Amino acid sequence: LTPENWRRVDAYFTDTLVGHDETLEHAVADQDAAGLPAIEVAPVAGKLIHLLARISGARRVLEIGTLGGYSTIWLARGVPDDGLVTTIEAEPANAAIARASIDRAGVGHKVEIRIGRGEDVLPTLTGPFDLVFIDADKESNALYLDWAARLGHPGTVVVVDNTARGGDVADPAVTTAQIEGVRRGLAMLGADPRFDATALQTLDRKGWDGVAIAVLTEVVEGFDD
Ligand code: DHB
Ligand code: MG
């Protein structure tokens, strides 16, 4: 396995299944031009969250971490015309770039950007959300998962980006705040009865990473087992 052959496969899947989309590529170009980090989801991963929205019949989506709006556009295209994606972005400058790209994509009427840190904005939201995509500061993943459970309903789909991080997640020598946050989130997905979850390793144009996918369960209050 070499970078060349997995990137070739990613390009092949992208060309064959995802296609090329000027609006999405424009969003990435504007994000790059504004100096935002190139950490948006890969096209194959954007299509994955889009398909999960459609498969689950999601009408209301919550995204934590807008960045330049690339994944937001994918999600907005996955909800019906009267659906809504609420996306939280801590950086007002990022939100401005995202708003322009989302409007240019023709999905502006389906997207509400809430500017602020997740921990401040989440308590102000009213659910229920049918799908939650967590892709922000990794240190807060467990906090975001708790809010996903509170703002969701049984059957809500929860997706967490960046769960392998080049293999660091399972390397005990790596103890950064980010990786500890990823681990706390995964431990919660495994142990908290409100979630049923799995995770997959991914090798796409962004390299070696992973995505966790969960569903919110029916938790009966007062029963711990
Ligand atoms: C980082 C964050 C992301 O959401 C991602 O997809 C890749 C990298 C980061 O903060 O390094
Ligand atoms: Mg990410």
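These notes cover the structure that comes with them. Please read all numbers here as calculations on a predicted model, not as lab measurements.

## Overview of unusual backbone geometry
In step 1: Residues Gly 127 and Pro 128 are joined by a peptide bond in cis, for which omega reads 0 degrees.
In step 2: If you check the backbone angles, Asn 162 has positive phi at about 65 degrees while not being a glycine.
In step 3: Summarising the element assignment, Asn 162 is placed in the loop between strand 5 (157-161) and helix 8 (177-191).

## Observations regarding the site of ligand 1
In step 1: Within the structure, ligand 1 sits among Ile 39, Asp 135, Asp 161 and Asn 162.
In step 2: A per-class count over the shell around ligand 1 returns one nonpolar, one polar and two charged.

## Observations regarding the sheet that holds strand 4 (residues 131-134)
In step 1: In space, the seven strands of this open sheet follow the order 3-2-1-4-5-7-6, with mixed pairing throughout. Looking along the sheet, the strands with just one partner apiece sit at the ends: strand 3 (111-115) and strand 6 (195-204). Ignoring strand direction, the axes of neighbouring strands in this sheet form an average angle of 15 degrees.
In step 2: Across four bridges, the pairing between strand 4 and strand 5 is parallel. When the bridges of strand 5 are listed, Phe 133 appears paired with Val 159.
In step 3: Across the sheet, helix 8 is in contact with strand 5, strand 6 and strand 7 (207-216); its angle to strand 6 comes to roughly 140 degrees.

What counts and what doesn't
- Residues numbered from 1 in each chain as written.
- Chains lettered and ligands numbered in written order.
- Predicted model: local features only at pLDDT ≥ 70, side-chain atom pairs only at ≥ 80, totals over all residues.
- Helix = DSSP H or I, 4+ residues; strand = E, 2+ residues; numbered from the N terminus.
- Near = placed C-beta within 6 Å.
- Nonpolar A, V, L, I, M, F, W, Y, C, P; charged D, E, K, R; others polar.
- Pairing = 2+ DSSP bridges.
- Axes fitted to C-alpha atoms, helices over the stretch in contact; angles between N-to-C directions.
- Contact = placed C-beta atoms within 7 Å.

All we've got here are geometric facts, nothing functional implied.
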